[in-house]
Amino acid sequence: MCEDDPVNVPSPKRLLKWALAGLAASQAVTIAALTVVDSVRKRNQVTERFPSAPPRELPVDKGAVTIYTKGRALYDDMLAAIDGAVDRIYFETYIWKDDRVGRRFKDALIRAAERGVDVFCAYDVFGNLVVKQSFFKFPASVHVLRHLPWSGLRGPIVRRSPGLNHRKMLIVDDEVAFVGGYNIGSLYANRWRDTHARVTGEAVADLANAFVDYWNQISPKGSPYLESPTDRAWESPIRVTRNVPSVGVYPIRYSYLEAIDRASERIWLTHAYLIPDDDLTLALLEAADRGVDVRIIVPAESNHIVADWLSRGFYALLLSRGIRLFLYQNAMVHAKTATIDGMWSTIGTANLDRLSLMGNYEINIEITDADVAAEMESIFAMDAGNCIELTLTEWQNRPLAAKISEKVITPLRPLL
């Protein structure tokens with residue numbers, strides 16, 4: 001008798017390798033295709049006018065908060081503060097373009113140092129890879145810190161992790177501070193919709209302390225040591241929250257979770273990149289289930305097309321549970337804000353994604369004040385007027401190719 005030759009069946013381990021290789025290849029093809037589409041879109045893109053609100057100073061406790069929705073007005077006030085400095089300047093940014101706006105800031109900081117002001121600047125190297133590094137050469141009178149992803153990472157990696165410096169802050173003379181989503185560059189002056197805040201009063205010391213802690217931990221040996229402010233208040237309607245990956249501290253995520261959990265009436269969010277983790281997604285869904293009016297503004301098309309497609313993987317779930325999604329039109333909305341129940345608001349640098357909430361150096365302010373919340377709600381309504389609301393039916397009827405592409409890149413979501 002003859003026996004049949006044994007069938008050469010691949011082992012489960014080899015099948016798994018093939019499956020993973022196939023998935024990786026399909027992801028690479030999908031991302032490449034999206035990148036090409038995005039490149040063509042950007043070449044043909046014409047930015048149209050979008051609504052903005054004039055900055056209005058709102059008294060809060062012993063100080064004030066001013067909210068900016070247009071970069072040009074923000075930059076004018078930041079530069080005026082730098083030009084008026086007499087003691088010290090702390091300046092920190094993620095992106096700092098070598099263009100007209102970027103050079104105005106550089107020149108203003110150099111002038112301040114030349115008249116005897118202590119000037120300390122920090123910028124993220126990764127965020128400025130496309131900027132000529134010669135731009136970041138300053139006179140010795142300006143103290144400059146170049147942030148690399150592993151900056152400040154000391155000791156064994158357990159809770160600690162490397163991180164980009166995604167913060168955007170300016171503190172002048174411990175009297176006035178600016179914080180929010182705006183980077184420094186001409187692009188952001190009038191073509192991006194973002195949100196920033198100017199703060200005076202007791203909270204300025206907390207923002208200055210955040211810079212001082214960062215500088216003293218990150219700066220190399222031989223750099224000046226900065227003294228912490230001594231007049232920080234124990235209680236304030238403005239609270240500073242900051243993520244510090246080098247020591248494994250990420251309070252911004254928990255501030256969102258706590259605020260969302262408290263909500264009983266409305267949660268209105270505006271975010272450039274909406275890629276929430278499971279806990280944040282569940283918190284939003286539970287809020288909607290208990291009757292809270294949950295609305296989220298996101299860009300119809302952001303500056304990162306892969307982030308857009310990863311974000312869209314959440315849309316069906318959110319829409320099916322009654323959460324309303326608004327797609328911002330004709331401009332990039334880069335704001336990182338929320339207002340809840342007409343009382344709590346936050347403005348800062350952290351996106352609702354893993355990189356911001358569990359990876360980067362970030363800083364937000366939380367404001368518990370009805371007048372500020374009313375202003376934030378007014379700004380949200382203004383922005384919603386420049387949006388198209390997405391319905392569940394429309395989303396379910398999107399092209400099959402889009403659905404498949406979203407599924408293919410979904411496994412990449414934990415990376416962002």
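Every value quoted in this text rests on a predicted model; they were computed, and no experiment measured them.

A. Region of the structure containing a positive patch on the surface. A cluster of basic residues, Arg 49, Arg 72, Arg 100 and Arg 104, forms a positive patch on the protein surface. Position of Arg 49 among the secondary structure elements: in the loop between helix H1 (12-44) and strand E1 (57-60). Residue classification places Arg 49 among the exposed positions, given a relative accessible area of 81%.

B. Representation of the packing of aromatic side chains in the model. Applying the stated criterion across every chain, the model contains 19 aromatic pairs. Measuring from ring centre to ring centre gives 5.0 Å for Phe 91 and Trp 96, while their planes differ by 70°; the resulting arrangement is edge-to-face. Comparing Phe 91 with Trp 96 shows no difference in burial state: the two are buried. Here the aromatic residues Tyr 75, Phe 91, Trp 96, Phe 105, Tyr 123, Phe 135, Phe 136, Phe 138 and Tyr 182 are joined through ring pairs into a cluster of three or more. Here the guanidinium or amino end of Lys 106 rests over the ring plane of Phe 138, the centre of that ring lying 5.1 Å away. Sitting over the ring of Tyr 254, Arg 253 keeps its end group 5.2 Å from the ring centre.

C. Inspection of the packing of helix H6 (residues 251-262) against helix H7 (residues 278-289) at higher detail. Where H6 meets H7, the closest approach of the two axes is 9 Å, and the angle between their N-to-C directions is 15°. With respect to H7, the element H6 is oriented roughly parallel. For the element pair H6 and H7, the recorded crossing hand is left-handed. Where H6 approaches H7, its residues Arg 253, Tyr 256, Leu 257 and Ile 260 are matched on the opposing element by Asp 279, Leu 280, Ala 283, Leu 284 and Ala 287.

D. Molecular detail of the sheet that holds strand E6 (residues 169-172). With respect to topology, eight strands assemble into an open sheet ordered E1-E2-E9-E7-E6-E3-E4-E5, the strand pairing being mixed. Both outer strands of the open sheet, E1 and strand E5 (142-147), are each paired with one neighbouring strand and no more. Ignoring strand direction, the axes of neighbouring strands in this sheet form an average angle of 15°. Pairing of strand E4 (residues 118-124) with E5 involves six bridges; the strand directions are parallel. Across the sheet, the residue bridging to Ala 122 is Leu 145, located in E5.

E. Inspection of the pattern of salt bridges at higher detail. Tallying each qualifying case throughout the model produces 20 salt bridges. A salt bridge links Glu 389 to Arg 324, with the nearest nitrogen and oxygen atoms 2.8 Å apart. In this pair, Glu 389 is assigned in strand E18 (residues 387-390) and Arg 324 in strand E13 (residues 324-328), connecting sequence segments 65 residues apart. Salt bridges here are not isolated pairs; linked through shared partners, they connect Asp 87, Arg 88 and Asp 174.

The rules we used
- Residues numbered from 1 in each chain as written.
- Predicted model: local features only at pLDDT ≥ 70, side-chain atom pairs only at ≥ 80, totals over all residues.
- Heavy atoms only, no water.
- Patch = residues over 30% accessible without salt bridge, like charges linked within 9 Å, V, L, I, M, F, W, Y side chains within 5 Å.
- Areas by Shrake-Rupley, 256 points an atom, 1.4 Å probe, with all protein chains shown as cover.
- Salt bridge = Lys/Arg side-chain N within 4 Å of Asp/Glu carboxyl O.
- Lys, Arg positive; Asp, Glu negative; His and termini not counted.
- Charge placed at Lys NZ, Arg CZ, Asp CG, Glu CD.
- Helix = DSSP H or I, 4+ residues; strand = E, 2+ residues; numbered from the N terminus.
- Buried < 20%, exposed > 50% of the residue type's maximum accessible area, 1.4 Å probe, protein only.
- Phe/Tyr/Trp six-rings, centres within 6.5 Å; stacked < 30°, edge-to-face > 60°.
- Lys NZ or Arg CZ within 6 Å of the ring centre and 35° of its normal.
- Axes fitted to C-alpha atoms, helices over the stretch in contact; angles between N-to-C directions.
- Parallel < 35°, antiparallel > 145°, perpendicular 65-115°, else oblique.
- Left-handed = near helix turned anticlockwise from the far one by under 90°.
- Contact = heavy atoms within 4.5 Å.
- Pairing = 2+ DSSP bridges.

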